[in-house]
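So you can see what is in the structure, the chains are spelled out below.
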Amino acid sequence: MHPRNLLIKDFTYDLPDERIARYPLEQRDQSKLLVLKDGALNCSTYQNIDSWLPQDSLLVFNNTKVVEARILFHKPSGGVIEIFCLEPTEQYADITTAMLQTGKVWWKCLVGGASKWKHGITLTKTIENREGSIILHAEIAERLSDCFAIKLHWEPAHLTFAELLHQAGLIPLPPYLHRKVEESDKERYQTIYAAADGSVAAPTAGLHFTQAVFEKLTQKNIQKEFVTLHVGAGTFKPVKSEVIADHEMHAEFIEVTQQNIQQLINYLEKTIVAVGTTSLRTIESLYWMGVKVTVDSNLELKDLVVYQWDPYDQTIDNVDPRQALNNLKEWMNLKGHERLITKTQIMIAPGYQLKVAKAIITNFHQPQSTLLLLIAAIAGDRWKQMYQYAMENDFRFLSYGDGCLIYKHP
């Protein structure tokens, strides 16, 4: 069956509100780990994840960093308008470039209380810190189909947008936590290896990893590789259509290097494990980019974007992964790209066959979500047994909850 014809009602389960983890455990690596391997379910913890991974395998992590994307403006009347910064407008080549803008920037935003914000009115927010005051202004530049283009400008103008957000914004916790941001979230809603500013949600599978776990992986000669996918708010976007064909997948920026691709090539015959759905979407997207340049080596960077249905609509879908990744690397050399920055909208759903990864480490996901579709693509119908087991054995669900290691279904 083509994923377009899947019914979202077939990918649901009962998730009582009390099973959603409101806070993380005190120790990151004490979270439970459910392992699905060779058809068997086993219960462990992240502290011992090394014992469930083959020696000389490769773990691929997403090193994106969550930015303080929620900015609250208080009107003189006492009302509050919230601007949720989603992604830069099209005038910027990528998120990193936009984050380094000084003085002003244009950003796509959701606006809470938009009806109270009349067009032409400038909102102003003052932030006091040790160095003095920061004055931030916001204006509506354009009303888009599903959000607003907002012009943000500030003084002192030498501050980058990333620095401005750090001073003026709040960490955007997932809406299903139903609580306000607390001081501890600044650390706990980031992985210990977060480096590249740009996400509005954490790559939550990585929240469980500690330096102690990394040391155990090293002792087993398990290598780490870091790619970047900036997680957008669309990761929480519910599937509201009955069939998947009517759901538009969110697009997100990815950034990988030639070294990343070479490491994937080196481990294709061994075991590549994606840490999180975002890492999986990144490395699988690289395969399809390789397919594109295999078909036409004259493509430009803008042509490498992976769209939602590309894996299912490609006229050539049997390109060997090694050939695809090697061709992508050669294309980068030909075009003079040491680093590849583009977008992916890839939807991984039942019917998709993994090309690069053999397993995934991930949290438990919301019912009727594209993330659950991704899990079903890897585990097959066993995902239902996994989630039932987790429910019966007091696993904690969603972003701050426990997780699982899933080897792909034969």
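Structure: see above.
Criteria and thresholds
- Residues numbered from 1 in each chain as written.
- Predicted model: local features only at pLDDT ≥ 70, side-chain atom pairs only at ≥ 80, totals over all residues.
- Heavy atoms only, no water.
- Salt bridge = Lys/Arg side-chain N within 4 Å of Asp/Glu carboxyl O.
- Helix = DSSP H or I, 4+ residues; strand = E, 2+ residues; numbered from the N terminus.
- Buried < 20%, exposed > 50% of the residue type's maximum accessible area, 1.4 Å probe, protein only.
- Pairing = 2+ DSSP bridges.
- Axes fitted to C-alpha atoms, helices over the stretch in contact; angles between N-to-C directions.
- Phe/Tyr/Trp six-rings, centres within 6.5 Å; stacked < 30°, edge-to-face > 60°.
- Lys NZ or Arg CZ within 6 Å of the ring centre and 35° of its normal.
- Parallel < 35°, antiparallel > 145°, perpendicular 65-115°, else oblique.
- Left-handed = near helix turned anticlockwise from the far one by under 90°.
- Contact = heavy atoms within 4.5 Å.
- Nonpolar A, V, L, I, M, F, W, Y, C, P; charged D, E, K, R; others polar.
- Polar contact = N/O pair within 3.5 Å; in protein donor to acceptor, adjacent residues only side chain to side chain.

A. Summary view of the pattern of salt bridges. Applying the stated criterion across every chain yields a total of 17 salt bridges. A salt bridge links Glu255 to Arg339; the nearest nitrogen and oxygen atoms lie 3.2 Å apart. In this pair, Glu255 sits in strand S13 (residues 252–257) while Arg339 sits in strand S15 (residues 339–344), placing the two residues 84 residues apart along the sequence. Judged by its relative accessible area of 15%, Glu255 is buried. Measuring nitrogen to oxygen at the nearest pair gives 3.0 Å for the salt bridge that ties Asp310 to Lys292. You can see Asp310 sitting in helix H7 (residues 310–313) and its partner Lys292 sitting in helix H6 (residues 277–295), a full 18 residues away along the chain. Exposure remark for Lys292: the relative accessible area of 12% places this residue in the buried category.

B. The sheet that holds strand S8 (residues 123–129), seen in detail. Read from one edge to the other, the open sheet built from six strands follows the order S5-S6-S7-S10-S9-S8, with strand pairing classed as antiparallel. Looking at the sheet topology across the chains shown, the edges are occupied by strand S5 (70–74) and S8. Geometrically, the sheet is characterised by an average inter-axis angle of 40 degrees between neighbouring strands, direction not taken into account. Looking at chain direction, S8 and strand S9 (residues 132–143) are connected through seven bridges and run antiparallel. Note on S9: the bridge partner recorded for Glu128 is Ser133.

C. Inspection of the packing of aromatic side chains at higher detail. Under the definition given, this model contains 24 aromatic pairs. An aromatic cluster is built from Phe11, Tyr13, Phe364, Trp383, Tyr387, Tyr389, Phe395 and Phe397, whose rings are joined through pairwise contacts. Taking the ring centre of Tyr407 as reference, the NZ or CZ of Lys37 above it sits at 4.7 Å.

D. Focus on unusual backbone geometry. The peptide bond linking Glu155 to Pro156 adopts the cis configuration, its omega dihedral lying at 0 degrees. Residue Asp38 is not a glycine yet carries a positive backbone phi of 55 degrees. Looking at Asp38, the relative accessible area reads 75%, which means it is exposed. Phi at Asn221 takes a positive value of approximately 60 degrees, unusual for a residue other than glycine. Turning to its location among the elements, Asn221 is positioned in the loop between helix H4 (211–219) and strand S12 (223–229).

E. The arrangement of the pairing of S9 in detail. Turn length for the S8-S9 hairpin, with the two strands adjacent in sequence and antiparallel, is two residues. Inspection of the sheet shows S9 paired to strand S10 (residues 148–155) by eight bridges, in the antiparallel sense. Bridge assignment links Glu139 to a residue of S10, and that residue is Lys151.

F. Fine view of the packing of H6 against helix H9 (residues 370–379). The geometry of H6 relative to H9 is characterised by a closest axis approach of 11 Å and an angle of 65 degrees between their N-to-C directions. Judged by the inter-axis angle, H6 sits roughly perpendicular to H9. In the packing of H6 onto H9, the handedness of the crossing is left-handed. The residues of H9 that touch H6, namely those facing Thr277, Leu280 and Arg281, are Leu371, Leu374 and Ile378. Residue composition of the contact of H6 with H9, grouped by class: four nonpolar, one polar and one charged.

G. Representation of the side chain of Thr89. Note that Thr89 resides in the loop between strand S6 (80–88) and helix H1 (95–99). Classification of Thr89 as buried rests on a relative accessible area of 10%. The contacts of Thr89, once residues within four sequence positions are left out, are Trp106, Trp107, Lys108 and Ala149.

H. Representation of the environment of Thr228 within the structure. Structurally, Thr228 can be placed in strand S12. In the structure, Thr228 is positioned 50 residues away from Thr278 in sequence and 8.6 Å away in space, judged by C-alpha atoms. Dropping the residues within four chain positions of it, Thr228 is found in contact with Asn62, Asn63, Thr64, Ala196, Phe253, Ile254, Glu255 and Thr282. At 2.5 Å, the side chain of Thr228 forms a polar contact with the side chain of Asn63.

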